[in-house]
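One-letter residues, chain by chain:
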Amino acid sequence: MSEITLTLIGKPGCHLCDDAEAVVATVVETLPELPIQVEELSIEDDKDLFDSYWDQIPVLLINGKVHNYWRIDPERLTKALKELS
């Protein structure tokens, strides 16, 4: 099974980003059997990310593809991750 990379794109001080981070952490904890790597990126540190996502943060990518933005649904994320396994 290949490693799954979750990329959470947001910025400091964003309450929706904090909520998304908590959802991702909770979902990952419930799936210890899956090889999941989580990375967080800030639009404040990368002009390309800013230009692409400034009006959608937080944005969650699964293996580089947009899964969701604004609000991360834990059930939908869990289902998507299980389908990759």
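Here, every reference points to the structure presented above.
So, how was this worked out
- Residues numbered from 1 in each chain as written.
- Predicted model: local features only at pLDDT ≥ 70, side-chain atom pairs only at ≥ 80, totals over all residues.
- Heavy atoms only, no water.
- Pairing = 2+ DSSP bridges.
- Helix = DSSP H or I, 4+ residues; strand = E, 2+ residues; numbered from the N terminus.
- Axes fitted to C-alpha atoms, helices over the stretch in contact; angles between N-to-C directions.
- Contact = heavy atoms within 4.5 Å.
- Buried < 20%, exposed > 50% of the residue type's maximum accessible area, 1.4 Å probe, protein only.
- Arc of directions from axis to C-beta.
- Polar contact = N/O pair within 3.5 Å; in protein donor to acceptor, adjacent residues only side chain to side chain.

S.K.: I'd love a proper account of the sheet that holds strand β4 (residues 65-69), names of residues and values included.
M.R.: Pairing is mixed in the open sheet, where four strands are placed in the order β2-β1-β3-β4. Each edge of the open sheet is held by one strand with a lone partner, namely β2 (36-42) and β4. Across the sheet, the mean angle separating the axes of adjacent strands is 25° when strand polarity is ignored. Direction of pairing for strand β3 (residues 59-62) relative to β4: antiparallel, over a ladder of four bridges. In the strand pairing of β4, Ile62 is matched with Lys65. Its contacts with the sheet place helix α1 (residues 15-29) against β1 (4-10), β2 and β3, and it is angled at close to 165° to β1. Helix-sheet contacts for helix α3 (residues 74-84) involve β1, β2, β3 and β4, and the interaxial angle to β3 is about 15°.

S.K.: Now, about α3: what can you tell me, with residues and values included?
M.R.: Listing the buried residues of α3 in full gives Leu77, Thr78, Ala80 and Leu81. Projected onto a plane normal to the axis of α3, the buried residues spread over an arc of 165° and lie on a single side. Exposed residues lying more than 90 degrees from the buried face of α3 are Glu75, Lys79 and Glu83. For α3, the N-terminal capping position is held by Asp73, with its side-chain oxygen 3.2 Å away from the main-chain nitrogen of Glu75.

Shape is all these values report; function is a separate question.
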